[in-house]
Amino acid sequence: LREKIRELELSFTQKYPPVKFLSEKDRKRILITGGAGFVGSHLTDKLMMDGHEVTVVDNFFTGRKRNVEHWIGHENFELINHDVVEPLYIEVDQIYHLASPASPPNYMYNPIKTLKTNTIGTLNMLGLAKRVGARLLLASTSEVYGDPEVHPQNEEYWGHVNPIGPRACYDEGKRVAETMCYAYMKQEGVEVRVARIFNTFGSRMHMNDGRVVSNFILQALQGEPLVVSFSPSDLVNGLVSLMNSNISSPVNLGNPEEHTILEFAQLIKSLVGNRSHIQFLPEAQDDPQRRRPDIRKAKMLLGWEPVVPLEEGLNKTIQYFSRELEHQANNQYI
Ligand code: NAD
Ligand code: UDP
């Protein structure tokens, strides 16, 4: 019987990735909205492995249960199917507020829902933070700079956004989400942190994300023409150090290494190793022409900078996409 119990214990401990033991006073109850998405699921992994209690709230619009399934059943983990546009009453110490579609095809699919999520959703999470005295980190975006007239962009720049263009639901939604954070900070004393995230790619990003890296990889892997940006682990470390810092003003998190889209296409083509040719099409309306984060603030105040080399990040993403394509192909015949 003892052997059987040991076996059961072993199978239980091996079922989950290794988790650090944290004493009660260091262990936090952390809410991640949008935790079943690309960035959120990597953040979930880090905070779970650091030994915290993590609650993921997601409406599965673009997120997937599969991204966090390896934690389901763990005593420190909870997954709630919930839309942040509706109020949420739970008890937590920190909130990483990531819930929002992030790529143009996803946020343009239903602009009104994107606006509701970023405005009412953020208001609800700030209301929750106020009620329970939690600190809230908003996943904002480089899109608040719009199509920038200054290069590179530092946090002092106010941006150049078309308020009625096709990208406005997202750009203006995030801008008002930032405004709400500072209104709750000033009026209600809520502790806020604002990360302005620049394009990130890696495993668990959507294959049909519609942004440059995923498009190129997918087209190269499928041998289609290539129609003419940092790793999630870098980003997750930046988010956690910003959350636990005393910096309440916005901080850029991104990779200052700049490449043209053509360079990206060529690099991906050579990493995938096929003969896809590169094709040029007209640009989309209001597309930012050039973007590069000034990350001096994050470097100086958080000691943060991206460390994953571009090629390594791309190779990991390519491997993930190949496995996903295989998975899809195998499931077609079931
Ligand atoms: P993602 O689409 O993979 O994740 C977003 C998650 O939010 C999904 O799981 C989705 O189902 C969930 N969600 C959407 N609307 C919701 C709602 N109303 N209620 C509950 N859950 C909801 O995108 P991502 O790339 O992981 O982005 C995460 C956050 O980071 C977003 O706020 C995004 O704006 C921001 N961001 C990402 C990038 C990037 O390059 N990935 C760049 C800048 C900013
Ligand atoms: N809210 C929430 N969870 C909470 C507390 C508030 O979802 O634990 C929502 C609440 O429904 C409200 C919003 O957050 O719509 C703003 O709350 P706040 O207390 O700031 O405003 P009030 O309720 O006073 O209008």
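Residues numbered from 1 in each chain as written. Chains lettered and ligands numbered in written order. Predicted model: local features only at pLDDT ≥ 70, side-chain atom pairs only at ≥ 80, totals over all residues. Heavy atoms only, no water.

Caption draft 1: Summary view of the overall build of the protein. Helix and strand counts for the protein stand at ten helices and nine strands. Scored against the burial criterion, the 334 residues of the protein give a buried share of 49%. Total accessible area on the protein stands at roughly 16800 Å², and carbon and sulfur atoms take up 52% of it. (Helix = DSSP H or I, 4+ residues; strand = E, 2+ residues; numbered from the N terminus. Buried < 20%, exposed > 50% of the residue type's maximum accessible area, 1.4 Å probe, protein only. Areas by Shrake-Rupley, 256 points an atom, 1.4 Å probe, with all protein chains shown as cover.)

Caption draft 2: The arrangement of the packing of aromatic side chains in detail. Enumeration according to the criterion identifies five aromatic pairs in this entry. Arranged with centres 4.4 Å apart and planes meeting at 5 degrees, the rings of Tyr107 and Tyr170 form a pair that is stacked. Of this pair, Tyr107 sits in helix H3 (residues 104-109) while Tyr170 sits in helix H5 (residues 168-188); the two residues are 63 residues apart in sequence, bridging distant segments of the chain. The exposure class of Tyr107 is buried, given its relative accessible area of 0%. On the basis of relative accessible area, Tyr170 is assigned to the buried category, the value being 6%. Summarising the aromatic geometry, the rings of Tyr320 and Phe321 are spaced 6.0 Å apart at their centres and angled 55 degrees between planes, so their arrangement reads as tilted. Judged by its relative accessible area of 8%, Tyr320 is buried. With relative accessibility at 0%, the residue Phe321 sits in the buried group. In this structure an aromatic cluster arises from ring pairing among Tyr145, Tyr157 and Phe198. (Phe/Tyr/Trp six-rings, centres within 6.5 Å; stacked < 30°, edge-to-face > 60°.)

Caption draft 3: Examining the sheet that holds strand S5 (residues 135-141) more closely. Strand order in the open sheet made by the seven strands is S3-S2-S1-S4-S5-S6-S8, with parallel pairing throughout. Looking at the sheet topology across the chains shown, the edges are occupied by strand S3 (77-81) and strand S8 (251-253). Ignoring which end each strand starts from, the neighbouring axes of this sheet average 20 degrees apart. Alignment of strand S4 (residues 94-97) against S5, held across four bridges, turns out to be parallel. When the sheet's bridge partners are listed, His97 is paired in S5 with Leu138. Docked against the sheet, helix H2 (residues 38-49) engages strand S1 (29-33), strand S2 (53-58), S3 and S4, running at close to 170 degrees with respect to S1. (Pairing = 2+ DSSP bridges. Axes fitted to C-alpha atoms, helices over the stretch in contact; angles between N-to-C directions. Contact = heavy atoms within 4.5 Å.)

Caption draft 4: Local environment of the pairing of S1. Among the five residues in S1, four count as buried, and that is most of the element. Sheet topology places S1 next to S2; five bridges connect them, and they run parallel. Within the sheet, the bridge partner assigned to Thr33 lies in S2 and is Val57. Looking at chain direction, S1 and S4 are connected through four bridges and run parallel. Within S4, the position partnered with Ile32 by the bridge is Tyr96.

Caption draft 5: The arrangement of the site of ligand 2 in detail. The environment of ligand 2 is formed by Pro87, Leu88, Tyr89, Leu123, Asn124, Gly127, Leu128, Lys130, Arg131 and Tyr184. Note that an oxygen atom of ligand 2 is positioned 3.3 Å from one of the side-chain N or O atoms of Asn124. Here an oxygen atom of ligand 2 sits 2.5 Å away from a polar atom, N or O, in the side chain of Arg131. Protein chains bury 65% of the 520 Å² of accessible surface belonging to ligand 2 in isolation. When residues in the shell around ligand 2 are grouped by element, the largest group, six residues, is from helix H4 (residues 111-132). Its residues placed into classes, the shell around ligand 2 shows six nonpolar, two polar and two charged. (Near = heavy atom within 4 Å. Polar contact = N/O pair within 3.5 Å; in protein donor to acceptor, adjacent residues only side chain to side chain. Nonpolar A, V, L, I, M, F, W, Y, C, P; charged D, E, K, R; others polar.)

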